[in-house]
Amino acid sequence: HIQVGPHRYKVVVVPDSILEGAGADGTCGPRRNVIAVDGGCPPTQLADTLLHELTHALLATVKLEDDIEEALRRARYIARTTPYGRQKIQAACRF
């Protein structure tokens, strides 16, 4: 468990197949206080994913993720500012 403000989040490691349909390495469910991360990720990617999802939890805690467009903008920023996120973006931009 990880404490985020007044909320205690349960962190679960799940098989890649569960998150595959979402096209993500992790997900944050602030209504249920659960963060799920892909157990098939390399350790560095797993750490980046957990940090990314914790940022979503923090933003939800301080009520900055009520607006979906704002949430998407913040998610893109987080992806650009973590090492694995930059790597993913660079790979997607190769022709």
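Residues numbered from 1 in each chain as written. Predicted model: local features only at pLDDT ≥ 70, side-chain atom pairs only at ≥ 80, totals over all residues. Heavy atoms only, no water.

**A short note on the overall build of the protein**
Working step 1: Summing up its helical and strand segments, the protein has 4 helices and 4 strands in all.
Working step 2: In the protein, the order of α-helices and β-strands from amino to carboxyl end is β-β-α-β-β-α-α-α.
Working step 3: In the protein, which comprises 95 residues, the share counted as buried stands at 31%.
Working step 4: Sequence-distant contacts in the protein: of pairs separated by 6 or more residues, those separated by 24 or more amount to 43%.
Working step 5: Taken as a whole, the protein presents about 6,400 Å² of accessible surface, with 57% of it coming from carbon and sulfur. (Helix = DSSP H or I, 4+ residues; strand = E, 2+ residues; numbered from the N terminus. Buried < 20%, exposed > 50% of the residue type's maximum accessible area, 1.4 Å probe, protein only. Contact = heavy atoms within 4.5 Å. Areas by Shrake-Rupley, 256 points an atom, 1.4 Å probe, with all protein chains shown as cover.)

**Brief notes about the sheet that holds strand 3 (residues 26-29)**
Working step 1: Here 4 strands make up an open sheet; going across it, the order is 1-2-4-3 and the pairing mixed. Of all strands in the sheet, those with a lone pairing partner are strand 1 (2-4) and strand 3, marking the two edges. On average, each strand axis in the sheet is inclined to that of its neighbour by 25°, with strand direction left out of account. (Pairing = 2+ DSSP bridges. Axes fitted to C-alpha atoms, helices over the stretch in contact; angles between N-to-C directions.)

**A short note on the nonpolar core**
Working step 1: With 6 residues, the main nonpolar core is built from Val4, Tyr9, Cys28, Ile35, Val37 and Ala57.
Working step 2: The residues contacting cysteine 28, other than those within four sequence positions of it, are Tyr9, Val34, Ile35, Glu53, His56 and Ala57. (Core = buried A, V, L, I, M, F, W, Y, C linked by side-chain atoms within 4.5 Å.)

**Let's talk about unusual backbone geometry**
Working step 1: One non-glycine residue, asparagine 33, adopts positive backbone phi at about 55°.
Working step 2: You can see asparagine 33 is positioned in the loop between strand 3 and strand 4 (34-38).

**Quick look at the side chain of histidine 52**
Working step 1: If you trace the backbone, histidine 52 turns up in helix 2 (residues 43-61).
Working step 2: At 3.0 Å, the side chain of histidine 52 forms a polar contact with the side chain of histidine 56. (Polar contact = N/O pair within 3.5 Å; in protein donor to acceptor, adjacent residues only side chain to side chain.)

**Considerations on the pairing of strand 2 (residues 7-14)**
Working step 1: Bridge count for strand 1 against strand 2 is 3 bridges, and the pairing is antiparallel. Bridging across to strand 2, glutamine 3 finds its partner in arginine 8.
Working step 2: Where strand 1 hands over to strand 2, the hairpin turn is made up of 2 residues, of which glycine 5 adopts a positive phi near 60°.

**Remarks on the environment of proline 30**
Working step 1: Looking at the element boundaries, proline 30 is found in the loop between strand 3 and strand 4.
Working step 2: Classification of proline 30 as partly exposed rests on a relative accessible area of 36%.
Working step 3: Note: C-alpha distance between proline 30 and arginine 8 (22 residues apart in sequence) is 10.0 Å.
Working step 4: In this structure, proline 30 is in contact with Tyr9 and Ala60, ignoring residues within four places of it in sequence.

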